[in-house]
Amino acid sequence: MALSLSATLLPHHPRRCTDFSSSAAAACPQTHPLFSRQPPPPSSFLTTNSTNKLPTTCLPKVLSSSSSSHSKLSHAWRQVHGEDDWAGLLDPMDPLLRSELIRYGEMAQSCYDAFDYDPFSYYFGGCRFPRRAFLDSLHLTRHGYDVTRYLYATANIRLPNFFTKSRWPNLWSPKANWIGYVAVSDDETSRVLGRRDIAIAWRGTVTRLEWLADLMNYLKPVDGKKIPSRDPRVKVQSGFVDLYTEKDDSCRFCKYSAREQVVTEVKRLTDKYGGAGEEVSITITGHSLGSALATLSAYDIAETGLNLVEGEESGRAAPICVFSFSGPRVGNVRFKERLDFLGVKVLRVVNVHDIVPRCPGFLFNEDVPRVLTKLAEGLPWCYSHVGVELELDHKSSPFLKPTSDLVSAHNLEAHLHLLDGYHGKGQRFALASGRDPALVNKGSDFLQDHHMVPPFWRQDHNKGLIRTQDGRWMQPERPKLDDHPEDMHEYLNSLRAILS
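- Under an unreviewed UniProt entry, the name given to the protein is Fungal lipase-type domain-containing protein, and the source organism is Linum trigynum.
- Word for word, the UniProt comment on the protein under Subcellular location (unreviewed entry) is "Plastid, Chloroplast".

**Description of helix H7 (residues 238-245)**
Line of reasoning, step 1. Burial of H7 is extensive: 8 of the 8 residues sit out of reach of the surface.
Line of reasoning, step 2. Within H7 the residues assigned to the buried category are Ser238, Gly239, Phe240, Val241, Asp242, Leu243, Tyr244 and Thr245.
Line of reasoning, step 3. You can read the cap of H7 off the contacts: a side-chain oxygen lies 2.7 Å from the backbone nitrogen of glycine 239, and it is on glutamine 237.

**Here we look at the packing of aromatic side chains**
Line of reasoning, step 1. Evaluated as defined, the whole model comprises 12 aromatic pairs.
Line of reasoning, step 2. Plain terms: the ring middles of tryptophan 202 and tyrosine 244 are 6.2 Å apart, the flat faces sit at 65° to each other, and that makes the pair edge-to-face. Of this pair, tryptophan 202 sits in strand E3 (residues 196-202) while tyrosine 244 sits in helix H7, and the two are 42 residues apart along the sequence.
Line of reasoning, step 3. The class for tyrosine 244 is buried, based on a relative accessible area of 0%.
Line of reasoning, step 4. Clustering of aromatic rings is evident, with ring pairs tying together Phe134, Tyr150, Trp178 and Tyr181.
Line of reasoning, step 5. The side chain of arginine 103 reaches across the aromatic face of tyrosine 104, ending 4.8 Å from its centre.
Line of reasoning, step 6. Positioned above the aromatic ring of phenylalanine 115 is the side chain of arginine 203, whose terminal nitrogen or guanidinium carbon lies 3.8 Å from the ring centre.

**Structural notes on the packing of H7 against helix H9 (residues 289-303)**
Line of reasoning, step 1. Viewed as axis vectors pointing N to C, H7 and H9 meet at an angle of 70°, and their least axial separation amounts to 10 Å. In this view, H7 runs roughly perpendicular relative to H9, as classed from their interaxial angle. Residues Phe240, Val241, Leu243 and Tyr244 of H7 form the contact with H9, whose own contacting residues are Leu289, Ala292, Leu293, Leu296, Ser297 and Asp300.
Line of reasoning, step 2. In terms of residue class, the contact of H7 with H9 is built from 8 nonpolar, 1 polar and 1 charged.

**Concerning helix H8 (residues 258-274)**
Line of reasoning, step 1. In a regular helix each residue adds 1.5 Å, so 17 residues correspond to 24 Å; H8 covers 23 Å between its end C-alpha atoms and thus fits that length.
Line of reasoning, step 2. With respect to burial, H8 is a largely interior element, 15 of its 17 residues being buried.

**Quick notes on the nonpolar core**
Line of reasoning, step 1. Of all hydrophobic cores here, the largest spans 67 residues; its most connected members are Phe134, Trp178, Tyr181, Leu390 and Leu419.
Line of reasoning, step 2. The element that contributes the greatest number of residues to this core is helix H4 (residues 95-114), accounting for 10 residues.
Line of reasoning, step 3. Non-local contacts of tryptophan 178, meaning those with residues more than four positions away in its chain, are made with Cys111, Ala114, Phe115, Gly125, Gly126, Cys127, Phe134, Tyr150, Leu151, Tyr152, Trp172 and Arg203.
Line of reasoning, step 4. Judged by nonpolar contacts, the second largest core, of 45 residues, contains Leu243, Tyr244, Leu269 and Leu296.

Criteria and thresholds
Residues numbered from 1 in each chain as written. Predicted model: local features only at pLDDT ≥ 70, side-chain atom pairs only at ≥ 80, totals over all residues. Heavy atoms only, no water. UniProt positions renumbered as here; feature names shortened; annotations may be inferred. Buried < 20%, exposed > 50% of the residue type's maximum accessible area, 1.4 Å probe, protein only. Helix = DSSP H or I, 4+ residues; strand = E, 2+ residues; numbered from the N terminus. Polar contact = N/O pair within 3.5 Å; in protein donor to acceptor, adjacent residues only side chain to side chain. Phe/Tyr/Trp six-rings, centres within 6.5 Å; stacked < 30°, edge-to-face > 60°. Lys NZ or Arg CZ within 6 Å of the ring centre and 35° of its normal. Axes fitted to C-alpha atoms, helices over the stretch in contact; angles between N-to-C directions. Parallel < 35°, antiparallel > 145°, perpendicular 65-115°, else oblique. Contact = heavy atoms within 4.5 Å. Nonpolar A, V, L, I, M, F, W, Y, C, P; charged D, E, K, R; others polar. Expected span 1.5 Å × (residues − 1). Core = buried A, V, L, I, M, F, W, Y, C linked by side-chain atoms within 4.5 Å.

This is the structure we're talking about:
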């Protein structure tokens, strides 16, 4: 019998609903403790700090040590992490799983919120915040994680629409892009979670879908890019594996590949906490192209055995889970089968109106009869999705426009909003935690107009310029971004045998 987690929702601080129409009353039932009859005053509806990070109405305390439900989470985390492939937890939607999905989705969203997209900025393509202040700068300290490593990738690959160009000739790095981070749960959060959680968040694409044109549909053997595989028939999309494995020796940020950066940090943290006898998990998340990197890195970590706890005669391994949001297909059916064999759990959250999860592999994919995929198995464009799918529909939310706009359907904040209101197939949409719907319009024009939330409302104050004492406006210097640990080269050499 499937384990029921329905009574273990993590508590949230009360907040106002941001929709005051009759449809909002249906979506935010008055019996819910988060429902408020009175609308917030206009001045507080989108109250933000000086950098316009997040509305102050959407800052719940996700983890609070005083909650009795935490003991439920500490005992049930393996089911939430996919031990039983989320059997019995998706329909109806288990509240604790929903809460955890939103939490990891916010980690993926933080990669967008922290990325410098301004082509007029000297720091274009980098992270706007120093590593030690990352979560605090985004008001995500409530998640209880410490960022231990920033991840960078070289822009010198065949994904021109993913790496846009700056207007300035001189940049913090002309060849590197900040692409995510590694974090680990702190002591208090680890007690709540029931284990020490290593989280990896990969950045994707926030508004552009042109990068899909860069996907030439070609699969290449994964072991051809120095990712070991016991099955030479395992293949992945060429652009994804290039982004993951390419490096540039002339750049101090990407002289190590994204792969080398992430696997060494995972090994360091696994040895540190697992070697001390702690229960350890590895949770990887990403949206869009970041979802592909999450899936590929999960495969890499499992295939190379980097999740094995050092010094354990029993060969205890840290379980690996991927929470994927609006992700494309990554590899062929052999990749899927190998991922299943390695025990990597993948839960894919998708919007039925989003085109990205249907790419690549329009013609030959997991929906084609098995006999045809068997015949087409050797073709370089025969793909298969991995893991378990959780299907959402943005037209079920009374807050959102019933639009066919592809960019809106792909929006990550919209996915998190849909998760908050999803209770199961055919069930009425009703916000469970009161997560602020205004967040949807942070980078889109997706909310119904009668909610009076301006589209694309998130902006940097004065585009990041400050006024100096002599009255001049200029871009301030930012704290130096971390590149790589001083012992990175030595640590990488110690792993050469298993990484190649």
